[in-house]
Structures are given as C-alpha cells and as structure tokens.
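In case you want the letters, here they are:
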Amino acid sequence: MTGTLADHVDLASRDWLLSHGIRIALILVITLAVLWLARLAVRRMQRRLEGVESTTQELNLQRAATVTQALSYVIRVVVMTVSLLLILGEFAINLGPLIAGAGIIGVALGFGAQTLVRDFLSGFFILLENQFGVGDVITVNVQGQLVTGKVEAVSLRTTDIRSFDGTLHTVPNGNILYTGNKSKGWARAIVDVGVTYGENSDRVRGVLEELFEELRTDHDLEGWFFGGPNVLGVERLGQYDLVFRVVAETRPSKKPDVERVLRQRIAHRFQERGIEIPTAPVVGGAPPP
C-alpha cells in the first residue's frame, strides 16, 4: 500500500511539473524576455533624449537619466507584479481576496497620495516632453497666480523658479496649469522709436533701413539676428511723436541685449542725420498741430 501511495505521489508530482511547472517556467522566461526588451527600449529612448538640444549637455544627460530611471522602475514593477500573480495562480492560490485587498489598499493610498501621484506624473511628462529645463526663463500659472523667473532645478515632484527679485519659488509640478517658455527657439526683440511730427516719415524709414543693413553685416553682432532687423512702419500716432516699430528675431537669451543695441545705434544714427527725437513737452506749452 505504501509503495502504491508513493507511486501515486510521484505520478501526481510528475503531472504537476509537466503542466504547472512548465507554465511557471514559461512565465519566468517571458518575464525575463519582456524585462530585457523593455531595458533595450528604455536605453534607446535615453539615447534619443540625450541627443536633443539643451542648454548644456550635462543638463540634458540629467534629464534623460531621470526620465528613463522613472520609466524603468514603473515597467519593472508592472511586469513583476503580473508575473507574480500568474505564478501564484499556478499554485491554485485564490487570487480574489489578494486582488480585492490590493484594490482596497490602492484606493486608500490613492486618496491619501493623489496629490503626490499627480505631481510625479506631471513632472515625468515635463521632463519627457522637455517643456522646460534648468536655465530657462519661464512663466507658469500656478492655480491662478503667475510666477516668472529662471528655472534652477527640475525634479519629478517640484520645480524651483528664481524670480527676478531673488525669491525662490518651489512649485509642485501638479499645480502648474500653464507654462510659457521664454528661452525656447527664438524671441522677437521689439523697439519703438519716436520722432517729431516735423520729420519726413519716408526719410526716417530710409535711415533706419540703411542702419539695419549695416547691422546685419556687423561682425561684432554676428549670430545675434535670426531675422531682421526690419522696420514694420508707423506703429502709432502719439500726442507729441510719430512712433515707428522695429523688430528683430534673435536668441531668447540675447533679446534684452539686442533691444539695447538697437536703441543705442538708432539714437546715434538719428543724431548724425539730424533727425529730431521728441522731448518732454514744456509745461503749459501747446501740443504740435
């Protein structure tokens, strides 16, 4: 009888190994294969992120590493959780109570940490989409309040923005409703130039265009202009002056410098050509006709 029982046990063990054991081994093999493929995909994405133009290569590498590490962690957790549940099912363990308990715990954690989860998800997509980076000058709408300044640090949870008065704002990423980036692509320098009503507008335009042609070939300003400078024409008729608008496309970081140079060169050229710039009216004086 003992031998017969042992034979039955051996037979049952062999049957279990031939059915459940093979499936468990297959699950483990598929899990390892998925993790390997995911690692290759994440590395490929990291190389692509590192190749995107950024302020500095160091910041670009930091951004790519942060995004890929977060993505790798999420993939590992999901794949290994699914694999563990499948293996437990092969041992005839009732997964219903486990899944229900996990669901209850997940709901509780979701209510308690929904703000934190929202911050991390927002930070992940900010880094993934390269919406802004360290060194960029941005304006963000934080729950109805505008914050403008230079980005000093970006993490998955928060963004540090140094405003121009020196205040450091630590903004949770989930609270950012809108972002305006003043450091991406190109910027438009805008300068309004006023002359007295006695000046001939065609002559003023000709003098400005002559000056801007010289600026485009000025070696000291090489690389400053993406387009222009150009005279758009008369922008408005002021009470005491005729205002021309001048625009130029440049790098965002050069926009203040370009506007200062344009004002300086225009003032100097007007002085050379005798073009009168309006001054503050004398108290009690009558405006020009």
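How each quantity is defined
- Residues numbered from 1 in each chain as written.
- Predicted model: local features only at pLDDT ≥ 70, side-chain atom pairs only at ≥ 80, totals over all residues.
- Heavy atoms only, no water.
- Pairing = 2+ DSSP bridges.
- Helix = DSSP H or I, 4+ residues; strand = E, 2+ residues; numbered from the N terminus.
- Axes fitted to C-alpha atoms, helices over the stretch in contact; angles between N-to-C directions.
- Contact = heavy atoms within 4.5 Å.
- Patch = residues over 30% accessible without salt bridge, like charges linked within 9 Å, V, L, I, M, F, W, Y side chains within 5 Å.
- Areas by Shrake-Rupley, 256 points an atom, 1.4 Å probe, with all protein chains shown as cover.
- Salt bridge = Lys/Arg side-chain N within 4 Å of Asp/Glu carboxyl O.
- Buried < 20%, exposed > 50% of the residue type's maximum accessible area, 1.4 Å probe, protein only.
- pLDDT = per-residue confidence, 0-100.
- Core = buried A, V, L, I, M, F, W, Y, C linked by side-chain atoms within 4.5 Å.
- Polar contact = N/O pair within 3.5 Å; in protein donor to acceptor, adjacent residues only side chain to side chain.

Peer 1: Which parts of the structure should I look at to understand the sheet that holds strand 8 (residues 242–250)?
Peer 2: Here three strands make up an open sheet; going across it, the order is 6-8-7 and the pairing antiparallel. What marks the edges here is a single partner per strand, and that holds for strand 6 (187–195) and strand 7 (225–237). Geometrically, the sheet is characterised by an average inter-axis angle of 20 degrees between neighbouring strands, direction not taken into account. In this structure, strand 7 lies alongside strand 8, joined through eight bridges in antiparallel fashion. Residue pairing for strand 8: L237 is matched across the bridge by L242. Where helix 4 (residues 201–216) meets the sheet, it contacts strand 6, strand 7 and strand 8, and its direction lies at approximately 165 degrees from that of strand 7. Each of strand 6, strand 7 and strand 8 touches helix 5 (residues 255–273); the most contacted strand, strand 6, lies at about 25 degrees to it.

Peer 1: Just checking my understanding: could you explain a nonpolar patch on the surface for this structure?
Peer 2: On the surface, Y73, V74, V77, V78, V82 and L86 cluster together into a nonpolar patch covering about 530 Å² of accessible area. Its relative accessible area of 43% is what places V82 among the partly exposed residues.

Peer 1: Explain the pattern of salt bridges here, please?
Peer 2: Side chains that carry opposite charge are capable of pairing whenever their charged atoms lie near each other. All told, the structure shown has 14 salt bridges when counted by the stated rule. Two residues, D192 and R245, come together in a salt bridge whose shortest N-O distance is 2.8 Å. Of this pair, D192 sits in strand 6 while R245 sits in strand 8, and the two are 53 residues apart along the sequence. On the basis of relative accessibility, which here comes to 34%, the residue D192 falls in the partly exposed class. Between D257 and R260 there is a salt bridge, with its nearest N and O atoms 2.5 Å apart.

Peer 1: Help me out: how do you make sense of the confidence of the model for the protein chain in this one?
Peer 2: Close inspection of predicted coordinates is inappropriate in any region flagged by low pLDDT. Of all residues in the protein chain, 78% attain a pLDDT of 70 or more, and the chain-wide mean is 80. The weakest mean pLDDT in the protein chain belongs to helix 3 (residues 95–128) at 74; the strongest belongs to strand 4 (residues 168–172) at 93.

Peer 1: What is the right way to look at the sheet that holds strand 1 (residues 137–142) in this model?
Peer 2: Backbone hydrogen bonds hold the strands of a sheet together, and the pairing may be parallel or antiparallel. In space, the five strands of this open sheet follow the order 4-3-2-1-5, with antiparallel pairing throughout. Each of the sheet's edge strands pairs with one partner strand only, and the pair in question is strand 4 and strand 5 (176–181). With direction set aside, neighbouring strand axes in the sheet form an average angle of 45 degrees. Judged from the six bridges that link them, strand 1 and strand 2 (residues 145–154) form a sheet pairing that is antiparallel. Along strand 2, the bridge assignment pairs V137 with K150.

Peer 1: How should the nonpolar core be read in this particular structure?
Peer 2: Generally speaking, soluble globular proteins have nonpolar side chains that are buried together. One finds L208, F212, V246, L262, I266 and F270 to be the most contacted residues of the largest nonpolar core, which totals 24 residues. Contributions of two or more residues to this core are made by strand 6, helix 4, strand 7, strand 8 and helix 5. Ranked by residue count, the leading element in this core is helix 4, at six residues. Counting 16 residues, the second-largest nonpolar core is a separate cluster that includes I126, V140, V147 and V171.

Peer 1: For this particular structure, what's the right way to read the pairing of strand 1?
Peer 2: Regular strands place side chains that alternate from one sheet face to the opposite one. Joining the antiparallel neighbours strand 1 and strand 2 is a turn of two residues, in which Q143 adopts a positive phi near 50 degrees. For strand 1 and strand 5, the ladder comprises five bridges, and the chain directions are antiparallel. Each residue of the ladder has a partner; that of V142, found in strand 5, is I176.

Peer 1: Can you help me understand the side chain of T139 in this one?
Peer 2: Within the secondary structure, T139 is located in strand 1. Residue T139 is classed as buried on the basis of its relative accessible area, which comes to 13%. Within the structure, T139 has its side chain in polar contact with the side chain of T148 (distance 2.9 Å). Each residue touching T139, except ones within four places of it in the same chain, is listed here: L146, V147, T148, Y178, T179, G180 and K182.

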